[in-house]
Amino acid sequence: AVIQHAGRGSLQPEQMRGITMLAVAEILKSLQREKALSAAEAAGADEDEDEELDAALAEAGLGDETDERDCRAGLCSIFAACLAADPETFFAAAMPTLRPFMQMWLVAAGPGRVLGLSLACGLCEHLGARAAEAWPIFMEQVVAAVSSQIPEERAAAASSILI
């Protein structure tokens, strides 16, 4: 909430880029942890092994898929806070860094897609009419996600369109 309420000029462009890179790096780590978690769970066969697997995952610092989803949602809220504080600086300083990741997340099936859609929603919400400049990055995927089989994707897509 500190960044969100600080307002225009509270973050310099270099600070905005640094915050963006930190959040992206942690999101990428979260996606890797979830991938490792899914692979470990796929390798488990019965309930006894599941308990052992849970203990091994906890020891390795891996939570569960819900923990990782919550982690990424929290990290994505950093982008929303920066957008709320200073949309112009975010668009100018952070979007060039964020754009390739957003494009990657939106085209790939899996947990990154919800993240990309949520980010698109934040851009539409905080950039207002200026969000139209960013539409080529995400709008085709947002419209397609409205009919997704995954409820989280549909919700994020609908929010983007409604804003």
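Just so we're clear, the structure is a prediction, and the values are computed from it rather than from any experiment.

(A) Region of interest: the packing of helix α6 (residues 111–127) against helix α8 (residues 151–162). Interaxial distance between α6 and α8 falls to 8 Å at its minimum, and their mutual angle equals 15°. On the basis of the axis angle, α6 is roughly parallel to α8. Where α6 crosses over α8, the two elements pack in a sense that is left-handed. Across the interface between the two elements, Arg113, Val114, Leu117, Ser118, Ala120, Cys121 and Cys124 of α6 pack against Glu152, Glu153, Ala156, Ser159 and Ser160 of α8. A per-class count over the contact of α6 with α8 returns 6 nonpolar, 3 polar and 3 charged.

(B) Representation of α6 within the structure. The end-to-end C-alpha separation of α6 is 25 Å, in line with the 24 Å expected for 17 residues at 1.5 Å each. The buried count for α6 comes to 12 of 17 residues, which makes it a mostly enclosed element. Of the residues making up α6, those classed as buried are Gly112, Arg113, Leu115, Gly116, Leu117, Leu119, Ala120, Cys121, Gly122, Leu123, Cys124 and Leu127. Immediately beyond the C-terminal end of α6, within one or two residues, lies Gly128, with a positive phi of roughly 60°.

(C) Seen up close, the layout of surface pockets. Reported here for the largest pocket is a volume of approximately 280 Å³. In this structure, the largest pocket is lined by 14 residues; those nearest its centre are Arg69, Arg72, Pro111, Val114 and Glu152. Mapped by element, the contributors of at least two residues to the lining of the largest pocket are α4 (65–85), α6 and α8. No other element matches the 5 residues that α4 contributes to the lining of the largest pocket. Grouping the amino acids of the lining of the largest pocket by side-chain chemistry returns 6 nonpolar, 2 polar and 6 charged. The calculated volume of the second largest pocket comes to roughly 190 Å³. Looking at the second largest pocket, the residues that line it are Leu28, Leu31, Lys35, Met104, Trp105, Ala108, Ala109, Gly110, Pro111, Gly112 and Arg113.

Parameters at a glance
Residues numbered from 1 in each chain as written. Predicted model: local features only at pLDDT ≥ 70, side-chain atom pairs only at ≥ 80, totals over all residues. Heavy atoms only, no water. Axes fitted to C-alpha atoms, helices over the stretch in contact; angles between N-to-C directions. Helix = DSSP H or I, 4+ residues; strand = E, 2+ residues; numbered from the N terminus. Parallel < 35°, antiparallel > 145°, perpendicular 65-115°, else oblique. Left-handed = near helix turned anticlockwise from the far one by under 90°. Contact = heavy atoms within 4.5 Å. Nonpolar A, V, L, I, M, F, W, Y, C, P; charged D, E, K, R; others polar. Expected span 1.5 Å × (residues − 1). Buried < 20%, exposed > 50% of the residue type's maximum accessible area, 1.4 Å probe, protein only. 1 Å grid on protein atoms, 1.4 Å probe; cavity = no way out; pocket = protein on both sides within 12 Å on 5 of 7 lines; lining within 4 Å. Points joined across faces, edges and corners; volume = space filled by probe spheres on them.

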